[in-house]
Structures are given as structure tokens and as C-alpha cells.
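The lines below spell out each chain.
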Amino acid sequence: MQALLQQAQSMQQQMQAAQQELAETEVTGTAGGGLVTATVTGGGELKALAIDPKVVDPDDVDTLSDLVIAAVRDANRAAQELVEAKLGPLAQGGLGGLLG
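Residues numbered from 1 in each chain as written. Predicted model: local features only at pLDDT ≥ 70, side-chain atom pairs only at ≥ 80, totals over all residues. Heavy atoms only, no water.

## Concerning the pattern of salt bridges
Right, on to step 1. Under the defined criterion, the tally for this structure stands at four salt bridges.
Right, on to step 2. Taking the shortest distance from any N to any O, the salt bridge between Arg-77 and Asp-74 comes out at 2.7 Å. Note that Arg-77 and Asp-74 are positioned in helix 2 (residues 61-99) at a spacing of three residues, about one turn of the helix.
Right, on to step 3. With a relative accessible area of 39%, Arg-77 lands in the partly exposed category. (Salt bridge = Lys/Arg side-chain N within 4 Å of Asp/Glu carboxyl O. Helix = DSSP H or I, 4+ residues; strand = E, 2+ residues; numbered from the N terminus. Buried < 20%, exposed > 50% of the residue type's maximum accessible area, 1.4 Å probe, protein only.)

Set out below in C-alpha cells:
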């Protein structure tokens, strides 16, 4: 039983370390061939948004809005992949890995 508790504590520490690393890791997403770039953390927090002046057209704000949304979605997709890569092995093991 003691070994099981130690294994659970170790797994919890690994999970906390992975979550901290994710919170600090930044990934980017782009849209419009790089005209709009969004940077988010592994936790999904939007940290930066870069817009190329070429895409700023006061008569076509809808296109800019669409590009911003697409870039943020792309960055969030990259963040989700990062989460799955970092936490996947820990999450898949779960208690089932400890007991079986």
C-alpha cells in the first residue's frame, strides 16, 4: 500500500511539473499566410497578437476579424497538441496504471 501511495505522489508531482511547464510554454498560430500571428500559452492564455499592416483595410474589417479568429484558433490547436503531448502519458496512466 505504501508503494502505491508513493507512486501516486510521484505521479501528482509529475503532473504539477508538466502543468507548470505548459503554463510557461508559448506556441503560435497563423492565418492569412502569416499576416496574422497569435501566441498563446499551453494553458490557452492569449499572450500576443501580431497583425501585418498590409491586412489592415478600414473598408474590410470583416476579413481582419476572420484572420484574427483563425490565428487564435490555430494557436489554441497547437496548445492543445502540446497539452496532449505533455500530459497524455500521465493522463493515460491514471490510477489504472497504478493498479494494473
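## Quick word on a negative patch on the surface
Right, on to step 1. Taken together, the side chains of Asp-57, Asp-59, Asp-60, Asp-62 and Asp-66 present a region of like negative charge at the surface.
Right, on to step 2. On the secondary structure map, Asp-66 appears in helix 2.
Right, on to step 3. Taking the relative accessible area as the measure of exposure, Asp-66 reaches 52% and is therefore exposed. (Patch = residues over 30% accessible without salt bridge, like charges linked within 9 Å, V, L, I, M, F, W, Y side chains within 5 Å. Areas by Shrake-Rupley, 256 points an atom, 1.4 Å probe, with all protein chains shown as cover. Lys, Arg positive; Asp, Glu negative; His and termini not counted. Charge placed at Lys NZ, Arg CZ, Asp CG, Glu CD.)

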